[in-house]
Amino acid sequence: MILEKIEALKGQIKDLHASNEEALEALRIKYLSKKGEITALFNEFKTVAPEQKRELGQKLNELKNLATEKIAQIKESVQTQAKEQNKIDITRPSFPAELGTRHPISVVRKQIIDIFSRVGFTLADGPEVEDDWHVFSALNFAADHPARDMQDTFFIEQNKDDVTRNIVLRSHTSSVQVRTMERKQPPIRIICPGRVYRNEAITARAHCFFHQIEGLYIDKNVSFADLKQVLLYFAKELFGPDTKIRLRPSYFPFTEPSAEMDVSCMLCGGEGCGFCKHTGWVEILGCGMVDPNVLEASGIDSTVYSGYAFGLGIERITNLKYMVKDLRMFSENDVRFLNEFRSAH
Ligand code: DAH
């Protein structure tokens, strides 16, 4: 009877294994503790007939030794396994860190800022949430100008009878002109990059927000010729030395005279192609001589000072440089798109 039990336990013990300290301890308790199965056999042993004691005692001791050794063996392997797991190989090369890329709008904004910095323009900025004065009134917008319509501009605050609409999301960076002129007397030579908002349905060709860069130069004796020269320099720096410019008369409330500037088509060099609709030219910005009303509204004496201003859309320039067809790509953050600008800087 007891012999069978010894044999059965022997069989069990040979196959024991444990993968961690807790499992190992459970085995020890099961077989070797005071209440363990082998200890129980020793108790039973006391009751066997004297003539069997010798043989059974030997077998029982063998069983106990076997269990003790097996458990010691398992303990060793559990410990070496734990050590292996904690081992840090300091010579192993690190996982390659995935580097981000600059957003194409940031790339082009930086290019434009760099170009104007080289001829003395410094950076200025202003708030995106603006008041009517800085976005419209001080810039000589008539009270009934369509840009003041809810359909074009996002209004944040309106009074109850819906007559005075005061706080808006700026619809252009020209507001920073006013902020700068209010703060400081000429000479002023600034560019103001920033985000602007318009109440447009989002399509491939329009978005409810985009980015502009505004330029402003105010000093004594600033002329239209100065404007033209700076814009020619800008176009050549941005699109290459063979680039030509063309100014067409236009209208903005805050400049007089006003113009729109085209550059020779960067695809066909001015020959005419599908991209420039066979005109050889593509429009890139608006500009003009700052209207005396605008100078006066910001406390600058228009009999002493004159100046020019220009404004351009960064998305538009980016489209022209990198042929991006859909404006929505700029704000969707699709990494496949963003990765295409990995080498641009
Ligand atoms: N603010 C104009 C717009 O958003 C762009 C612009 C045109 C800015 C002519 C200027 C300028 O400073 O002189 O369309």
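What counts, and where the lines are drawn
- Residues numbered from 1 in each chain as written.
- Predicted model: local features only at pLDDT ≥ 70, side-chain atom pairs only at ≥ 80, totals over all residues.
- Heavy atoms only, no water.
- Pairing = 2+ DSSP bridges.
- Helix = DSSP H or I, 4+ residues; strand = E, 2+ residues; numbered from the N terminus.
- Contact = heavy atoms within 4.5 Å.
- Axes fitted to C-alpha atoms, helices over the stretch in contact; angles between N-to-C directions.
- Buried < 20%, exposed > 50% of the residue type's maximum accessible area, 1.4 Å probe, protein only.
- Domains from an automatic or database assignment.
- Salt bridge = Lys/Arg side-chain N within 4 Å of Asp/Glu carboxyl O.
- Near = heavy atom within 4 Å.
- Polar contact = N/O pair within 3.5 Å; in protein donor to acceptor, adjacent residues only side chain to side chain.
- Areas by Shrake-Rupley, 256 points an atom, 1.4 Å probe, with all protein chains shown as cover.
- Nonpolar A, V, L, I, M, F, W, Y, C, P; charged D, E, K, R; others polar.
- Parallel < 35°, antiparallel > 145°, perpendicular 65-115°, else oblique.
- Left-handed = near helix turned anticlockwise from the far one by under 90°.
- Core = buried A, V, L, I, M, F, W, Y, C linked by side-chain atoms within 4.5 Å.
- 1 Å grid on protein atoms, 1.4 Å probe; cavity = no way out; pocket = protein on both sides within 12 Å on 5 of 7 lines; lining within 4 Å.
- Points joined across faces, edges and corners; volume = space filled by probe spheres on them.

### Overview of the sheet that holds strand 8 (residues 255-264)
Strand order in the open sheet formed by seven strands is 1-5-6-10-9-8-7, with mixed pairing between adjacent strands. In this open sheet, the two strands that pair with only one neighbour each are strand 1 (122-123) and strand 7 (245-252). In terms of strand pairing, strand 1 meets strand 5 (residues 188-197) through two bridges, oriented parallel. The residue of strand 5 that forms the bridge with Leu-123 is Ile-191. Across the sheet, helix 7 (residues 174-183) touches strand 5, strand 6 (209-219) and strand 10 (306-313), and the angle it forms with strand 6 is around 40 degrees. Seen against the sheet, helix 10 (residues 314-322) touches strand 6, strand 9 (281-290) and strand 10 and runs at an angle of roughly 150 degrees to strand 9.

### Observations regarding the pairing of strand 9
Across a regular strand the side chains alternate sides, sitting on one face of the sheet and then on the other. When you tally the buried positions in strand 9, you get eight out of 10 residues, the bulk of the element. The pairing of strand 8 with strand 9 spans eight bridges and is antiparallel. Bridge assignment links Ala-259 to a residue of strand 9, and that residue is Cys-287. Summarising the sheet, strand 9 and strand 10 pair through five bridges and their orientation is antiparallel. Each bridged residue has a counterpart across the sheet, and for Cys-287 the counterpart in strand 10 is Phe-310.

### Section: the domain arrangement of the protein
Examined at the domain level, the protein breaks down into domain 1 (2-86) and domain 2 (104-126 + 175-341). On a C-alpha basis, the centres of domain 1 and domain 2 stand 86 Å from each other.

### Quick look at the pattern of salt bridges
Scanning all chains against the criterion turns up 16 salt bridges. Two residues, Glu-84 and Lys-87, come together in a salt bridge whose shortest N-O distance is 3.8 Å. In this structure, Glu-84 and Lys-87 share a single accessibility class: exposed. One salt bridge connects Asp-114 with Lys-110, and the closest N-O pair in it is separated by 3.2 Å. Here Asp-114 pairs with Lys-110, and both are found in helix 5 (residues 104-117), just four residues apart, close to one helical turn. For Asp-114, a relative accessible area of 31% puts it in the partly exposed group. Lys-110 sits in the partly exposed class, given a relative accessible area of 38%. In this structure, a network of salt bridges that share partners links the residues Arg-246, Arg-248, Glu-260, Asp-262 and Glu-283.

### Thoughts on the site of the ligand
Around the ligand, the surrounding shell holds 15 residues, and the nearest of these are His-172, Ser-174, Arg-198, Gln-212 and Glu-214. Ser-174 has a polar side-chain atom sitting 3.0 Å from a nitrogen atom of the ligand. A distance of 3.4 Å separates an oxygen atom of the ligand from a polar backbone atom of Phe-310. Look at the ligand: alone it shows 350 Å² of surface, and the protein chains cover 88% of it. Contributions of two or more residues to the shell around the ligand are made by helix 7, strand 6, strand 9 and strand 10. Among the residues forming the shell around the ligand, the class breakdown is five nonpolar, eight polar and two charged.

### As for the packing of helix 1 (residues 2-14) against helix 3 (residues 37-45)
Following both chains from N to C, one finds helix 1 and helix 3 inclined at 165 degrees, their axes separated by 11 Å at the closest point. Judged by the inter-axis angle, helix 1 sits roughly antiparallel to helix 3. Remark: the crossing between helix 1 and helix 3 carries left-handed chirality. Contacts from Ile-2, Lys-5, Ile-6, Leu-9 and Ile-13 of helix 1 reach helix 3 at Glu-37, Ile-38, Leu-41, Glu-44 and Phe-45. Its residues assigned to classes, the contact of helix 1 with helix 3 shows seven nonpolar, no polar and three charged.

### What to know about the nonpolar core
Taken as a class, soluble globular proteins show a tendency for nonpolar side chains to be buried jointly. Core analysis: the biggest nonpolar cluster contains 44 residues, and Ile-112, Phe-234, Ile-284, Leu-285, Tyr-308 and Phe-310 have the highest contact counts within it. Residue assignment for this core shows that the elements contributing at least two residues are helix 5, strand 6, helix 8 (224-239), strand 8, strand 9, strand 10, helix 10 and helix 12 (335-338). Among residues more than four places away in sequence, those in contact with Phe-234 are Ile-112, Ile-115, Phe-116, Ile-284, Leu-285 and Leu-312. If you look at the next biggest cluster of nonpolar residues, it comprises 24 residues, including Phe-136, Ala-138, Cys-192 and Ala-309.

### Quick look at the layout of surface pockets
Here the idea is plain: a probe the size of a water molecule rolls over the atoms and shows the empty space left. By volume, the second largest pocket amounts to about 170 Å³. The wall of the second largest pocket is formed by 13 residues, among which Arg-195, Phe-209, His-211, Glu-315 and Phe-330 lie closest to the centre. Secondary structure elements with two or more residues in the lining of the second largest pocket: helix 5, strand 6 and helix 11 (329-332). Considered class by class, the residues forming the lining of the second largest pocket number five nonpolar, five polar and three charged.

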